[in-house]
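Remarks on the overall topology
The primary structure of each chain is shown beneath.
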Amino acid sequence: MMCNLYKKESPYKDKTTGEEKKATRFYLECGSTLVPIEPTYFEDPQTKRDAQYSSRKAVMKAFAAELPAKEGNAHG
């Protein structure tokens, strides 16, 4: 079975700063099924950060194709 990785970027407004930003959602298409996936944030107990999160997300963005619009849906 062929699987494809897709991404969809959507604009949103940051609630604290009011700044316009873009969210990226990822989907895995297996056959006719579209499965939403999300890179996991592994928080270090000492630093409370995940130093590799941005890198993992960037790799997914680089290899994901744009999610095609649904047929018959003018809004995408």
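Scroll up for the structure.
Position numbers for residues count from 1 along each chain, tracking the sequence in the order it is written. Owing to the predicted nature of the model, reporting of local features is limited to residues with pLDDT of at least 70; listing and counting of side-chain atom pairs is limited to 80 or more, with chain, interface and lining totals taken over all residues. With hydrogens and water excluded, all non-hydrogen atoms of the structure serve as input to the side-chain values.

**Quick look at the overall build of the chain**
By the criteria applied, helices consist of DSSP H or I runs no shorter than four residues and strands consist of E runs no shorter than two, each listed in order from the N terminus. Along the backbone of the chain there are one helix and four strands. Beginning at the N terminus, the succession of helices and strands in the chain can be written as β-β-β-α-β. Its C-alpha atoms give the chain a radius of gyration of 15 Å, more than 25% over the compact-globule value 11 Å for 76 residues. Overall, the chain is about 45 × 35 × 20 Å in size when its C-alpha atoms are taken along their principal axes. Across the 76 residues of the chain, 13% fall into the buried class. Every radius of gyration here is taken over C-alpha atoms, with the globule rule written as 2.2 Å times N^0.38, N being the number of residues. Relative accessibility decides the category of a residue: with a 1.4 Å probe and only protein chains considered, values under 20% of the type maximum give buried, values over 50% give exposed, and everything between is partly exposed.

**Here we look at the pairing of strand 3 (residues 33–37)**
Sheet analysis places strand 2 (residues 20–30) next to strand 3, joined by five bridges and oriented antiparallel. Residue pairing in the sheet places Leu 28 in a bridge with Val 35 of strand 3. A pair of strands is labelled paired if DSSP reports no fewer than 2 bridges between them. Where strand 2 folds back onto strand 3 in an antiparallel hairpin, the turn is made up of two residues, including Gly 31, whose phi is positive at roughly 65°.

**Topic: the pattern of salt bridges**
Pairing is possible between side chains that carry opposite charge, provided their charged atoms lie close to one another. Salt bridges are defined by distance alone: a side-chain nitrogen of Lys or Arg within 4 Å of a carboxyl oxygen of Asp or Glu. Taken as a whole and judged by the stated rule, the model has two salt bridges. A salt bridge links Asp 14 to Lys 21; its shortest N-O distance comes to 3.2 Å. Take Lys 21: its relative accessible area is 31%, and that puts it in the partly exposed class. Between Arg 56 and Asp 50 there is a salt bridge; the shortest N-O distance is 2.5 Å. According to the relative accessible area criterion, Asp 50 is buried, its value standing at 11%.

Purely geometric stuff here, so don't read any function into it on its own.
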